[in-house]
Amino acid sequence: MSQPTPEVYESGRGMDAHNEVMREIRARNDRSYDPTEPTRVWLDEDNTPEGVRDSLTIILNTGGCRWARAGGCTMCGYVAESVDGGSVGHENLMRQIEHCLDHETDNADEPAELIKIYTSGSFLDEREVPAETRAAIAETFADRERLVLESLPDFVDRGKLAEFTDRGLAVDVAIGLETATDRVRHDSVNKYFEFADFEAACAEARAADAGVKAYLLMKPPFLAEPDAVADMKRSVRRCAAVDGCHTVSMNPCNVQRYTMVEELYHDSGYRPPWLWSIPEVLEATADEDVLVVSDPVGHGSDRGPHNCGDCDDLVQRAIKDFNLRQDPSVFEEVSCECEATWAYVMDEETAYNQPLV
């Protein structure tokens, strides 16, 4: 992996103690990765402002998120899969794109209308994706309908986005906001920016005729289940009120390797969210003027969002159905005895004790 280094550490941004711990944890990983192969690629379908579209999701293997190399977010282990040296050159990144196009050709009947490109960092950070590569990717996908690009607010720039929108592409910037509550973002997630920075990034995207997709994190460390649910409801509503933010993706936290969350998990200090908490938020915010979706990665596993084990797949299917239909009535068809245990946790669990269940 690309090892954390003091050269990219920005003192005073985030919590210094968190960053120090995260750098030590990340340094334990000694695996290396091929710079010509993407981290992941898959075909799916997604809800967009224009309706449901077939999608090709690409996770480019870069030198790693700038903030993660400084220490970074308490739950994010994606930098552990980045390549050595801190950067990947233009030719290798384009080989990764070619690999993804080959995957699409082999597995899809026709090209996807929606392309989602993630770097587990910031696509618009030119240390991760050089300007030459950004322009080549814009040209490669100019014939598609919509493109989603991942970035921290710092790097959202109307000029960079115009390289895509000027070609007729509808563009969304996916921003890992995590929560609209600044204190939770700082203390639990260890992300350095403010909600005001997210609002400024939305304004910058609007200036380039681009939209914003906000990514929220359900149940970061140090929050009890009821606090996490309440925070997500508030966060969805605050995002919906920001001009230019048309989609909110609420992602339940899962336990990734080489993270602070994993350390807490092994010491019985963290439990991933209950799957029941996701419909609770989706139903409560279904009337907001924004698309709200959720993707419970690792659902049903001990390290991912889960219930009792018997109903996990049923709840997951209902969530995926809601993502496409935006109809909260889908959750009326799912029930299980363990919902009573979840209700007890919602009534009694506090942030001052270890997870009750």
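Everything that follows concerns the structure shown earlier in this document.
Every chain begins its residue count from 1, and numbering advances along the sequence as written. With the structure being a predicted model, the display of local features is reserved for residues of pLDDT at least 70 and the display and counting of side-chain atom pairs for 80 or more, all residues being used for whole-chain, interface and lining totals. Values reported for side chains reflect all heavy atoms of the structure, with hydrogen atoms and water molecules removed beforehand.

Colleague: Before we go on, may I ask you to explain the state of the cysteines in this structure?
Modeller: A disulfide bridge is the covalent bond that connects two cysteines by way of their sulfur atoms. The rule for a disulfide is simple: a pair of cysteine sulfur atoms within 2.5 Å. Overall, the coordinates contain zero disulfides when judged by the stated rule. Free of any disulfide, Cys76 has its nearest neighbouring cysteine sulfur in Cys73, separated by 6.0 Å. With no disulfide partner, Cys338 has as its closest neighbouring cysteine sulfur the one in Cys311, 3.6 Å distant.

Colleague: What exactly am I supposed to notice about the packing of aromatic side chains here?
Modeller: Centre-to-centre distance and the angle between the planes together describe a pair of aromatic rings. Stacked, tilted and edge-to-face are the three classes assigned to paired rings of Phe, Tyr and Trp, where Trp is represented by its six-membered ring and a pair needs centres within 6.5 Å; plane angles under 30 degrees give stacked, over 60 edge-to-face, the rest tilted. The tally for this structure, following the rule as stated, stands at six aromatic pairs. Seen in terms of ring centroids, Trp67 and Tyr192 are 4.7 Å apart; in terms of plane orientation they differ by 70°. Their pairing is edge-to-face. Residue Trp67 is located in helix H2 (residues 66–70), and its partner Tyr192 is located in the loop between helix H6 (182–189) and helix H7 (195–207); the two are separated by 125 residues in the primary sequence. For the pair shown, Trp67 and Tyr192 are each scored as buried. Note on Tyr118 and Tyr215: the rings are 6.2 Å apart at their centroids and 85° apart in plane angle, and the pair reads as edge-to-face. With Tyr118 in strand S3 (residues 114–118) and Tyr215 in strand S6 (residues 211–218), this residue pair connects regions lying 97 residues apart in the sequence. Tyr215 matches Tyr118 in its accessibility class, with the two residues each being buried. Among the aromatic residues, ring-to-ring pairing joins Trp67, Tyr192 and Phe193 into one connected group. The cationic tip of Arg238 hangs over the ring face of Phe195; the distance from NZ or CZ to the ring centre is 4.0 Å. Counting from the N terminus, the helices are the DSSP runs of H or I reaching at least four residues and the strands are the DSSP runs of E reaching at least two. Only protein chains enter the accessibility calculation, which uses a 1.4 Å probe; a residue is then buried when its area is under 20% of its type maximum, exposed when over 50%, and partly exposed in between. Here, over-ring charges are defined by two tests on the NZ atom of lysine or the CZ atom of arginine: distance to the ring centre within 6 Å, and angle to the ring normal within 35 degrees.

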